[in-house]
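Single-letter residue listing:
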Amino acid sequence: MLKIRFIVPALAAALLAAPFSEARAADYKPEYKLSTVVGTAFLWGKAGVRWGDLVRERTAGRINIKVYPGTSLVGGDQSREFTAIRQGIIDLAVGSTINWSPQIKELNLFSLPFLMPDYKAIDALTQGEVGRKLFQAIESREVVPLAWGENGFREISNSKHPLRTPDDFKGLKIRFAVSPIFSATLTALGANPTQMSWADTQPALATGAIDGQENPLTIFIAAKLYNVSQKYLTLWGYVADPLIFVVSREIWNSWTPEDREIVRAAALQAGQENIAAARQGITVEDDSLIREIAGNGVEVVRPSAAERAALVAATRPVFEHWSKTIGEDLVKAAEAAIAAR
Ligand code: X2X
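Residues numbered from 1 in each chain as written. Predicted model: local features only at pLDDT ≥ 70, side-chain atom pairs only at ≥ 80, totals over all residues. Heavy atoms only, no water.

So, about the overall build of the protein. The number of helices and strands found in the protein is 15 helices and nine strands. Reported as C-alpha extents along the three principal axes, the dimensions of the protein are approximately 95 × 40 × 35 Å. Residues classed as buried in the protein amount to 51% of the 341 residues present. Look at the contacts in the protein between residues 6 or more apart in sequence, and 74% of them connect residues 24 or more apart. When the accessible surface of the protein is summed, it comes to about 14800 Å², and 55% of that surface belongs to carbon and sulfur atoms. Where the 37 positive side-chain charges of the protein centre and where its 37 negative ones centre are 3 Å apart. (Helix = DSSP H or I, 4+ residues; strand = E, 2+ residues; numbered from the N terminus. Buried < 20%, exposed > 50% of the residue type's maximum accessible area, 1.4 Å probe, protein only. Contact = heavy atoms within 4.5 Å. Areas by Shrake-Rupley, 256 points an atom, 1.4 Å probe, with all protein chains shown as cover. Lys, Arg positive; Asp, Glu negative; His and termini not counted. Charge placed at Lys NZ, Arg CZ, Asp CG, Glu CD.)

What follows is the structure, encoded as structure tokens:
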């Protein structure tokens with residue numbers, strides 16, 4: 001009797017548990033594909049690797065994330081990355097707001113010229129109500145946003161001469177990544193903008209097919225853009241692109257609640273580490289990265305207050321026009337959050 005009383009519940013438990021755990025195991029894929037635009041030698045690529053490592057370790061290998069840099073899952077076309085997440089081609093991504101802006105117009109907020117004067121302004125947006133609204137916009141498209149990271153303030157370089165005022169931009173062929181707001185801004189400054197993937201940009205700079213580009217300094221130095229004629233660099237901080245750590249909704253739903261929390265916590269940690277790393281060496285207190293760039297024969301230009309005012313004035317119509325597309329309420333909320341920082 002005692003024996004039976006033990007065996008029956010044990011058997012029942014085993015019968016209940018077996019098909020359940022089998023079904024769960026079958027739901028998990030042997031590998032999850034994580035997309036980034038740049039390679040793993042860049043801070044952004046490292047953030048993807050870090051996220052994957054933390055998740056693999058904390059799930060004892062149940063969730064095995066592999067990084068696919070170079071937006072290779074979409075043939076290098078970074079403007080298609082977000083769509084590919086929705087289509088199930090990409091499972092996870094650490095992506096730039098710029099590259100996902102064709103699908104989520106609100107993400108153009110960060111590309112409004114001269115909206116964010118400093119790091120506190122970026123934080124005021126990403127870590128506050130505006131950030132939550134942007135996450136809702138992503139969530140409504142069947143993609144689960146988990147954490148913010150940072151590509152950084154985008155500084156402009158070229159092979160011809162120092163850029164200080166709109167006059168200096170006249171006729172220069174400047175590459176931009178994605179989104180017509182960049183085309184409009186560069187056009188307003190008198191430049192000749194051309195859209196190009198990141199993969200195509202470095203050869204185009206090397207051959208002189210284009211004169212310049214804009215990217216954060218961590219990208220400039222990791223890609224050694226001073227070796228492809230980028231001898232003039234202007235620190236104007238006109239826009240900054242945060243990174244966003246996301247998982248496709250379908251993949252997210254296939255994981256247990258415990259594993260989802262592990263993935264979320266790991267994204268928050270990797271994101272915080274990434275933001276700290278992205279700001280290193282380019283602050284007033286520590287400008288070592290800027291000095292390293294200058295040490296490679298680059299003339300680093302900081303526009304004066306008057307020159308900056310001229311750049312802001314020339315691009316103001318773009319700001320106003322694009323505010324309507326992005327959503328005037330969102331832009332107003334962003335300006336208020338920045339003013340209160
Ligand atoms: O292509 C770029 O310029 C990069 C790497 O910064 C982005 O993906 C937005």
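After that view, the rundown keeps rolling.
With respect to the helices, strands and loops of the structure, Q78 is situated in the loop between β2 (65–68) and α3 (81–86). Judged by its relative accessible area of 5%, Q78 is buried. At a separation of 2.9 Å, a polar atom in the side chain of Q78 contacts the main-chain amide nitrogen of W198. (Polar contact = N/O pair within 3.5 Å; in protein donor to acceptor, adjacent residues only side chain to side chain.)

Applying the stated criterion across every chain, the model contains 19 salt bridges. The closest approach of N and O atoms between D259 and R62, which form a salt bridge, is 2.7 Å. Of the two residues, D259 is situated in helix α12 (residues 257–279) and R62 in the loop between α2 (43–58) and β2; the sequence distance between them amounts to 197 residues. A cluster of three or more residues bridged by salt bridges with shared partners is formed by D123, E150 and R279. (Salt bridge = Lys/Arg side-chain N within 4 Å of Asp/Glu carboxyl O.)

Counting 105 residues, the largest nonpolar core has W51, L109, M116 and W255 as its most contacted members. Top contributing element to this core by residue count: strand β8 (residues 232–248), with eleven residues. Setting aside residues up to four positions removed in sequence, W255 forms contacts with Y28, Y32, I63, L92, V247, R260 and V263. (Core = buried A, V, L, I, M, F, W, Y, C linked by side-chain atoms within 4.5 Å.)

Okay, the site of the ligand next. The immediate surroundings of the ligand are formed by 13 residues, with Q78, N99, R154, R175 and N215 found nearest. Within the side chain of N151, a nitrogen or oxygen atom sits 3.2 Å from an oxygen atom of the ligand. At 2.6 Å from an oxygen atom of the ligand is found a side-chain nitrogen or oxygen belonging to N215. Against a free-state accessible area of 270 Å², the protein chains account for coverage of 100% of the ligand. Looking at the shell around the ligand, its residues break down into five nonpolar, five polar and three charged. (Near = heavy atom within 4 Å. Nonpolar A, V, L, I, M, F, W, Y, C, P; charged D, E, K, R; others polar.)

Two measures describe an aromatic ring pair: the distance that separates the ring centres and the angle between the ring planes. Applying the stated rule across the entire model yields 14 aromatic pairs. With a centroid separation of 5.2 Å and an interplanar angle of 65°, the aromatic rings of W51 and F245 are classed as edge-to-face. Here W51 is found in helix α2, whereas its partner F245 is found in strand β8, with 194 residues between them in sequence. Taking relative accessible area as the criterion, W51 reaches 0% and is therefore assigned buried. Residue F245 is classed as buried on the basis of its relative accessible area of 0%. These aromatic residues form a ring-pair network of at least three members: F114, F169, F182, W236 and Y238. R316 extends its terminal NZ or CZ atom over the ring of F319, reaching a point 4.0 Å from the ring centre. (Phe/Tyr/Trp six-rings, centres within 6.5 Å; stacked < 30°, edge-to-face > 60°. Lys NZ or Arg CZ within 6 Å of the ring centre and 35° of its normal.)

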